[in-house]
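What the coordinates show
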Amino acid sequence: MWRSLIIIMILMGIVGAGVAQEATPEPNPTRPVTVDEVNKVAKDMFCPVCENIPLDTCGTAACADWRNEIRLFLEQGMTEEEIRTDFVRRFGDRVVGVPQDPFLNALSVITPWVLVAIGLVVVFSSFRTWARYKAHAVANAPETPTVTPASKQNQFLDQLEEDLKG
Amino acid sequence: MFTELGLLTEFFSLLAALYAIVALVLGERNKNEALVQSGRNAALLNFGLLAFSSGMLMIDIILQRYEVRYVWSVTSPDMPMFFRLTALWGSQAGSLLFWSVLMSGFSAGAVWLNWKTHRRLMPYATAYMMAVVAFFVAISVFLENPFSRWWYVPNSDEDMVSAVFRPENSYPANDLSVAEFLSRFSASQQGFVTIPLEIAPIDAQFPVQGVFLAARDLNPELMIPSSVLMTAQALPEMVAIGDLEDQSTLVPLSVLADGTTIRASDLPPTARLAPVLLDPNMRLDLVRGSAMGLNPLLRHFGMAIHPPMLYLGFVGFIVPFAFAMAALASGDLSTNWIKASRRWTLFAWLTLGLGLILGGRWAYDVLGWGGYWGWDPVENAAFLPWLIGTAFIHSVMIQEKRGMLKTWNMFLAVGTFSAVIFGTFATRSGLIESVHSFARSGIGFPMFAFWVTVTAISVWLILWRRRRGELRDEHQFTNLLSREALFVLNNFIFVALFIAIFWGSFGAPIVSEIFMDTNITLGKEYFLPVVTPLFIALYILMGIAPLSAWGATSLKRLGISLVIPLVLTAITMVLFIPLSTYEDGVLNILALFGYGIVLFGGWVAVYETYRGAMARISAHGESLPVAFITLMRRNPRRYGGYMIHIGITVIGIGVIGSTIFQDETTQTLSAGESFIIQNYEVRYDGLEEGQVTQDGRIMDIANLTVFRNGQEIAQLRPRRDFFPNVDEGMNSMTIAGSHSTLENDFYVLLVSWETITENSATFKVYINPLVNLVWWGGLILIAGTVFSFFPKETLPARIRQRAKQADELILKGVSA
């Protein structure tokens, strides 16, 4: 029984090692990486030196070197996200379009929506106030004689003429 | 003389502006008409003086007076006249003066045209305008003076000093004798310079006055003090002693300071040095040779128009702001201030929009990244006032029609101008650096203080009048579907866009830097998800709002009005299916719906115009063209507005197409090779290197042939321009070669060509579908805005006079 157990453990170890190998693939320096693949990664990053210039279009020699670095990373099998994380670790959150730091990310992305939501609440509460005013005004309005509704075409024409008057 | 005149008149313009403020405010408060008139004239004089001052600077630029530091910094002897003229706004100091003269021009225009019609508002409005002009002129005079000159100050820490007035013991840098120049070297040696030289080819000492050296094939990395190098380049002529066989190939090297050593290792084997004797009385120009000229990126036709348009838009918003402030100050809170400023607002909005479109076109042509809008903070700084200004243009209609939103309109008028001042501060102070930004300078803090002060005073005035109950609305909103309610929603979305873009461009980066000591940049990953839903809502409202009525609209009536535009939209969407499909046949359903939403707004504008014409035909029996023309002439504001909506629709289609369906690739080709992208084939035919143009740029041009489905469709010549006299990093420009059709732009950039072999080159190719609709839509938008300027057709004066007389008779009859 002990023998069987040892064999099972050895087999599990082999399988486990295989799984682990699949999870972290060996660098594959022979994999050809095209400039388009490099630019696809660099397009969403900023030059760490020149402010607000995307890395794929920056003309400085330093950026050419960084693009070459991206190519090497891709050849080694790194994913786009891993490459971005590596650049952020070295140069800070300014090299990506939205910060990776969770707090900064939330601050950047959520703030405008919070402000928009507050604005919407203000606008709609104003509309509700106005609606109450309307209900109050209607309730207190003197009775007016019923007017026969005009045809749709006449309504539009009247409105148009009114608009043309300015 | 021109420089002195320019300086003097600019200073006097500041005095005129300050006098105008005092005279207008005191005169109006004390009901002293003479003083008010005097202030009015001072405001007009301010414009005259500033225009004259700018003219003097322009003359300095044309005459190449390089002793004027501004002229030296933005022009060079080989720059063509066209770019020399645009150099007036090519850098900080000149553009500030240009900005001031434009602002003063707007003020003078408003004084000229509105004084009689809006007499009660004009003194205060003019005083406000003069206050802003005075601030900018003061900044120009005291901190960024464009008439500052170069002076040569021997025996000081810095040889060359720029100052408005001549420093002690200095010489004009463009006109001094050799003896004066050498005084710094020879002061301790009675006019003689002794320079020990330890060099291989020539080994000698030169105990002569005014020794210059000339060399051939000099190692360019030889360290030479910059001021001395500047001098050497500026030598008008040389008399060489020595035995160099061909003096025409001499490169003036340097005046060498005492003890300077040139090592043999610094010189190539073929180098020869020769001492050059100069006449001590010979005149030197130390600055001309080092003038570098305009930033190469600005040497583009678009830059001749883009900045003036943008500036016109920016400064033009001073008029509605000043009228709003004048209304608050004078207590005339009727719609007079809106009527007085309506055309000025539209003009500012038009030119700002035109400036933005031209800026996009410039970026597309010159910056070499295949796009026209990069969410760069400086682009956004110009876009922000446009957004608030657009909200203002819509919102004032509600006040004019219904007497509502009085406070809100005041806030929008102030907000638009506040955004202008903030944008100016952000771009000129170096707050956020970008390709557009001016260098960091000393004007940052004063501009920030001015922005805060102007905004705070304006907001306080609005709140003060509101507390007194003087900004109370005449009507209340009674229906959520009324046009005014929908305009409020439209305003809300414009303001939300403003907040989102402001936060992404300035708010978040500044907050993170100040409070967390972290630099962040928010790019399209932030902007696209945030602004896209807001723009979608805006396009939907653009479609619905014109169909609703003032006061109240029922859901049923609105629904019926929507049917035909929606049907037209659905039909057009079917036609847009091919444009929403990728090369591999996959349909992008979101893009298709995007097109649909954008088209809906356009169809409503078309349908409403058609419906109006048809109603006139049925009511008045007019023919279609007559009905259409009558409509347009009787309400140019409304139908010009519809044209603008159609323009915005066309721009939206272009933006969706060129953003979602852009395709790109980078390929390296040897001469004769080709590659395929989509159904295009590109063949590289060869490179023309080193083409030198008249303005001194060196162009490397690639020749490409483009085929589509096997048929040759274009010969493209993408190129790289180099400017040898300009600092590294700014000395090249990538000019795309493009084949433009309404369907797309086939856009090619020459990336590099020498890295592999001389015969190969790397190209970046973009296919930008529908991108030209962005420009065409811009033109329609401009046409619509211009159309809405037209005065409304009214009854002939004779008939109006008769009607007036009849009214008077009736009134007399009633009173009798």
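Everything below is about the structure shown above.
Residues numbered from 1 in each chain as written. Chains lettered and ligands numbered in written order. Predicted model: local features only at pLDDT ≥ 70, side-chain atom pairs only at ≥ 80, totals over all residues. Heavy atoms only, no water.

As for the overall build of chain B
- When you go through chain B residue by residue, the secondary structure sums to 22 helices and 19 strands.
- A separation threshold of at least 6 residues defines the contact pool for chain B, and within that pool the share at least 24 residues apart is 71%. (Helix = DSSP H or I, 4+ residues; strand = E, 2+ residues; numbered from the N terminus. Contact = heavy atoms within 4.5 Å.)

Some remarks on the packing of aromatic side chains
- Scanning all chains against the criterion turns up 43 aromatic pairs over all chains.
- With 5.5 Å between their ring centres and 70° between their planes, Trp373(B) and Phe383(B) make a pair best called edge-to-face. Of this pair, Trp373(B) sits in the loop between helix 11 (336-367) and helix 12 (377-402) while Phe383(B) sits in helix 12, and the two are 10 residues apart along the sequence.
- You can call Trp373(B) partly exposed: its relative accessible area is 22%.
- Relative to Phe506(B), the ring of Phe502(B) has its centre 5.7 Å away and its plane inclined at 45°; by these criteria the two rings are tilted. Of this pair, Phe502(B) and Phe506(B) both sit in helix 15 (residues 483-516), four residues apart, which is roughly one turn of the helix.
- In this arrangement the basic side chain of Arg90(A) is found over the ring face of Phe87(A), its NZ or CZ atom lying 4.9 Å from the centre.
- Over the aromatic face of Trp115(B) sits the side chain of Arg40(B), whose NZ or CZ is 5.3 Å from the ring centroid. (Phe/Tyr/Trp six-rings, centres within 6.5 Å; stacked < 30°, edge-to-face > 60°. Buried < 20%, exposed > 50% of the residue type's maximum accessible area, 1.4 Å probe, protein only. Lys NZ or Arg CZ within 6 Å of the ring centre and 35° of its normal.)

Digging into the pattern of salt bridges
- Summed over the entire model, instances satisfying the criterion amount to 26 salt bridges over all chains.
- The partner of Glu69(A) in a salt bridge is Arg90(A), with the nearest N and O atoms 2.3 Å apart. Pair noted here: Glu69(A) is in helix 3 (residues 61-75) and Arg90(A) is in helix 4 (residues 80-91), with a separation of 21 residues, a long-range link.
- Residue classification places Glu69(A) among the partly exposed positions, given a relative accessible area of 22%.
- Among the residues examined, Arg90(A) registers a relative accessible area of 35% and is labelled partly exposed.
- One salt bridge connects Glu743(B) with Arg708(B), and the closest N-O pair in it is separated by 2.9 Å. Of this pair, Glu743(B) sits in the loop between strand 17 (737-740) and strand 18 (744-752) while Arg708(B) sits in strand 13 (residues 698-708); the two residues are 35 residues apart in sequence, bridging distant segments of the chain.
- With relative accessibility at 39%, the residue Glu743(B) sits in the partly exposed group.
- Salt bridges linked by common partners bring Glu69(A), Asp86(A), Arg89(A) and Arg90(A) together as one network. (Salt bridge = Lys/Arg side-chain N within 4 Å of Asp/Glu carboxyl O.)

A word on the interface of chain A and chain B
- In this complex, chain A contributes 49 residues to the contact, which on the side of chain B involves 64 residues.
- Counting each side, the surface lost to burial between chain A and chain B is near 4700 Å², with a carbon and sulfur contribution of 62%.
- For the pair chain A and chain B, the interface holds three salt bridges.
- Salt-bridge contacts for Asp56(A) lead to Lys764(B); the nearest nitrogen and oxygen are separated by 3.6 Å.
- Linking chain A with chain B are 10 residue pairs in polar contact (both at pLDDT 80 or more).
- For the side of chain A that touches chain B, the secondary structure elements donating two or more residues are helix 2 (35-42), helix 5 (102-140) and helix 6 (152-165) of chain A.
- Among the elements that take part in the side of chain A that touches chain B, helix 5 of chain A stands out by supplying 18 residues, more than any other. (Buried area = accessible area lost by both parts, 1.4 Å probe. Polar contact = N/O pair within 3.5 Å; in protein donor to acceptor, adjacent residues only side chain to side chain.)

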